[in-house]
Amino acid sequence: MVHSFIGDLGHLFIIIAFVSSLVAALGYYFASNTQLEGGIAWNKFSRVAFFVHTVSVLGVIISLFTIIYNKYYEYHYAWEHSSNNLPIHFMISCFWEGQEGSFLLWIFWHSVLGITLIVTNKKWESPVMSIFSLVQAFLCSMILGVVIYKLKIGSSPFILLRDYMTDAPIFKMNPDFVPKDGTGLNPLLQNYWMVIHPPTLFLGFATTLIPFSFCIAGLWLKKYKEWIRPALPWALFSALVLGVGILMGGYWAYETLNFGGYWNWDPVENAVYVPWLVLVASIHTMIIFKNNETALRLSVILVIATFILILYSTFLTRSGILGNASVHSFTDLGLSGQLLIYLLVFLGISIALVSVSWKNIPLSSSESTIYNREFWIFLGITTLSLAAFHVLFVTSFPVYNAVAKGFGLKGNLAPPADAMAHYGMWQLWFSVGIALFSGTGQFFYWKKLDKQKLSETFYTPLIITALVIIGIFTFSSGYFQYKPEYLILLVVCLYSIVSNSFILVNLFKNNIKLAGGAISHIGIATMLIGILYSSGYSKVVSINNSGLLYSKEFSADMNRDNVLLFRNSAVKMGEYELTYRGPRVESSGFPGYLNKEKLLFTANPDQAVTFKDVEYKGKLYYKKGDTIKVAGENTYYEVEYKKENGETFVLYPRAQVNPQMGFLASPDIKRAWFSDLYTHVSSVPDPSEEKEWSDLQEQMVHVGDTFFVNDYIAVLEKVERVATIEEHGIALGPNDAAVKAHITVMEKDKDYHIMPTYIIKDMLVGRIPEIVNDLGLKLYFLNIDPEKQEFTFGIQTTQKDWIILKAAEKPLINLLWLGTGLVCVGLCVAISRRYSEFKQMRDKGIE
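Since this is a predicted model, take the numbers as computed values, not measurements. (Residues numbered from 1 in each chain as written. Predicted model: local features only at pLDDT ≥ 70, side-chain atom pairs only at ≥ 80, totals over all residues. Heavy atoms only, no water.)

### Observations concerning the side chain of E638
Part 1: Mapped onto the elements, E638 comes out in strand β13 (residues 635-643).
Part 2: In this view, E638 contacts T579, Y580, R581, G582, R584, V650, L651 and Y652; residues no more than four positions away in its chain are not counted. (Helix = DSSP H or I, 4+ residues; strand = E, 2+ residues; numbered from the N terminus. Contact = heavy atoms within 4.5 Å.)

### Some details on the layout of surface pockets
Part 1: Empty space within the second largest pocket amounts to approximately 730 Å³.
Part 2: Per-element tally for the lining of the second largest pocket: the top contributor is strand β18 (residues 675-683), with three residues.
Part 3: Grouping the constituent residues of the lining of the second largest pocket by class yields 17 nonpolar, two polar and seven charged. (1 Å grid on protein atoms, 1.4 Å probe; cavity = no way out; pocket = protein on both sides within 12 Å on 5 of 7 lines; lining within 4 Å. Points joined across faces, edges and corners; volume = space filled by probe spheres on them. Nonpolar A, V, L, I, M, F, W, Y, C, P; charged D, E, K, R; others polar.)

### Focus on the pattern of salt bridges
Part 1: Going through the model one piece at a time under the given rule, you end up with 18 salt bridges.
Part 2: In this structure, E255 engages R671 in a salt bridge whose closest nitrogen and oxygen atoms are separated by 3.1 Å. Separated by 416 residues along the polypeptide, E255 in helix α11 (residues 228-256) and R671 in the loop between β17 (668-670) and β18 bring together distant segments of the chain.
Part 3: Close ionic contact of R560 with D561 constitutes a salt bridge, the shortest N to O distance being 2.9 Å. (Salt bridge = Lys/Arg side-chain N within 4 Å of Asp/Glu carboxyl O.)

### Let's talk about the nonpolar core
Part 1: Ranked by size, the top nonpolar core spans 153 residues in total, and within it F214, L219, W227, I304, F307, Y342 and F346 carry the most contacts.
Part 2: In contact with Y342, other than residues within four places in its own chain, are V135, F138, L139, M142, F307 and L311. (Core = buried A, V, L, I, M, F, W, Y, C linked by side-chain atoms within 4.5 Å. Buried < 20%, exposed > 50% of the residue type's maximum accessible area, 1.4 Å probe, protein only.)

### Focus: a nonpolar patch on the surface
Part 1: Together, L12, I16, V48 and V52 make up a nonpolar patch on the protein surface, roughly 300 Å² of accessible area in all.
Part 2: Among the secondary structure elements, those contributing two or more residues to the nonpolar patch are α1 (4-32) and α2 (39-69).
Part 3: Its location among the elements puts V48 in helix α2. (Patch = residues over 30% accessible without salt bridge, like charges linked within 9 Å, V, L, I, M, F, W, Y side chains within 5 Å. Areas by Shrake-Rupley, 256 points an atom, 1.4 Å probe, with all protein chains shown as cover.)

### What about the packing of aromatic side chains?
Any two aromatic rings considered together are summarised by their centre-to-centre distance and by the angle between their planes.
Part 1: Tallied over the entire structure, the rule returns 52 aromatic pairs.
Part 2: Ring centres of Y251 and W817 lie 4.8 Å apart, and the angle between their planes is 75 degrees; on these two criteria the pair is classed as edge-to-face. Remark: W817 occurs in helix α22 (residues 814-843) and Y251 occurs in helix α11; sequence separation between them is 566 residues.
Part 3: Through pairs of rings, three or more aromatic residues link up here, namely Y192, W193, Y251, Y254, Y262, Y678 and W817. (Phe/Tyr/Trp six-rings, centres within 6.5 Å; stacked < 30°, edge-to-face > 60°.)

### Regarding the pairing of strand β16 (residues 662-666)
Residues in a regular strand project their side chains so that they alternate between the two faces of the sheet.
Part 1: Here strand β15 (residues 654-658) pairs with β16 via five bridges, running antiparallel. Counted as the bridge partner of V657 is F663 from β16.
Part 2: In sequence, β15 turns back onto β16 through a hairpin of three residues. (Pairing = 2+ DSSP bridges.)

### Comments concerning the packing of helix α5 (residues 99-120) against helix α9 (residues 193-207)
Part 1: The geometry of α5 relative to α9 is characterised by a closest axis approach of 9 Å and an angle of 55 degrees between their N-to-C directions. Our classification of the angle between α5 and α9 gives oblique. Crossing handedness for the pair α5 and α9: right-handed. Taking contact as the criterion, the partners of S102, L105, W106, W109, H110 and L113 in α5 are, on α9, P198, P199, F202, L203, F205, A206 and T207. (Axes fitted to C-alpha atoms, helices over the stretch in contact; angles between N-to-C directions. Parallel < 35°, antiparallel > 145°, perpendicular 65-115°, else oblique. Left-handed = near helix turned anticlockwise from the far one by under 90°.)

In structure tokens, the structure reads:
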């Protein structure tokens, strides 16, 4: 059955949202034009139109989520991004996995922010909301999904699968065919961070529109100075949310991906990082202007550039122009031309307004000197801008090639072969400048300094910094070989922390509300130290000392930087002794991991039957024979670590062999105050390959005899007749018989109890072997000699289960997360202060 109504309703809501945003944009435009009468009426009319737009957006969201939640796989979006076994919280993730859903999330946040502006800022409502609504109209057009005279406008999330796959034979035979299951959510996105990271990031995208709208409105209405006051708190809020969104993505990468870090300089990562740098630079120029009315022109340029760069990053990631240059980019849905128009329209509007207004924008005549606070802030702004330009320039290589191709030329610019080394080399020196200027500039910002006061002001912070550096170098030189550039970055970061701490102490005594900048700067310097150590001094500890070449197909790095672990065989790795204990699986409602080999998996990979009762810490969770729900596609590999001091812990790195994406591995991390141990599996046996067993070897023994099986000592404890063998799904009749042997195999760390079975059923002999994967053994109960009381067993061996594992230490990575928290606290303090100032002026009738 095709549920066409909900899709038609959702598409209707999209059309209403698009039309109402256009109506609101026009209405607010007329309301802003003071030469027209009835401005108040136009304002009320436009407000209603935007409310209708917001309600329609909510209608689209509810319609799409209904389709996903109810698994209406007749819709392409639900089929492509969801599946039957997907938990509800990941259904939320698959809502914005596709282009259409992420555009819808962006539209939703714009709607929420638009309503907030309408309620909180009546004076600027008409001009700001005119721009806001126009942007909404462009975004809504991206999911409009209509065709006018062969011109496709947008890609609808409500397109039916049969309309998307028009050439599929199944739909020609049965137009109402509905798949029983979807293809599912990308396994790498099945992580709790992907539930909260995209909404945060897109809220950050959406907030950049607010300072942009105030700026454009100010130029449009010739209020060249007034727009700064309402725009600054929003710019700070945008920097906070966008920065948190970026760091959430970094933490997701650290927990989920296996490249060994949190930032890979992927083009999509860069496309978000660049606008944030420019946004932070614009905040500083706006603060300068509020203090002495300089840098207004630069504020205009940077605020506009931030939003335009957000649009450019959208074009980069969604047009398909990046091709294989990024693992994060979306495939092209035919929207590249529409995205380019979106970018060029607002770039054109901005350039036109700035060009017309340039001469009228006030320009300060005050001079900047080395003793002037503006001088040091300008140095910081310049550094931020250069850092952004460098990343933008290199990331845009595919764009340059595409433009050259459009003009019939051959573009052969290629991204850096080693992106980490290239970007790291350049961004390190920009980071040195940022730390240096943020530390020095704060003294000039809060104190009036001249030549006589310079030595007095900087003497103590410099002495403290020198003492700290000497202490660090003395106690850590044996662990870290300091490169000159790393040492320079460490020195200036410590200097920034010390300098800003001096300022912070004074501000605590006077007015804590003024401390936002100092706290944020301390946070940035702390983050840089965390990045320096965790990336620059990350140390691989899983060095292959066995002398074995694991595979000729592996790279030299993989053969060198990984350890091979056989099941239950301890291997020395640095200060650790590692023992691989076997594959495990997760089950909803069970607090730990289940032994995968103790479960019988059904035709549904997410369901399994238990071989025996399952207990955890004395509590019974599942009874023998229960059918339980498991996350069958993911296998966790239990690895036990023993340190030389006796400390023991267990990690469970995860991997899966995905039909579409191949081998996917996610790390498990042992977190400590001063260093993380970051581990992931690099290779595992192919689960689709049958095991190769040795030729059968026979042994004849009596009860109580000791014998050898594959170099292990075994004892036949007893042989008994059993009435049932239900665990194997075999029912015994009155004339049938089954005998089970009880054999103990002694291994170094534990004993294994093995019970192969000998069956006579319907006058036919059958044998059920017992497999011990831990030992690579398969035992058959082959024969019984009643007269001699002798029993014959067959023994087969295979290569023991194994994994190849990589482990690295990430020193002082917690400084990165601590610094992030400090930056957030500082921005929150600054937002509170600036919003309080804005509210006070608004209460006085000045907005």
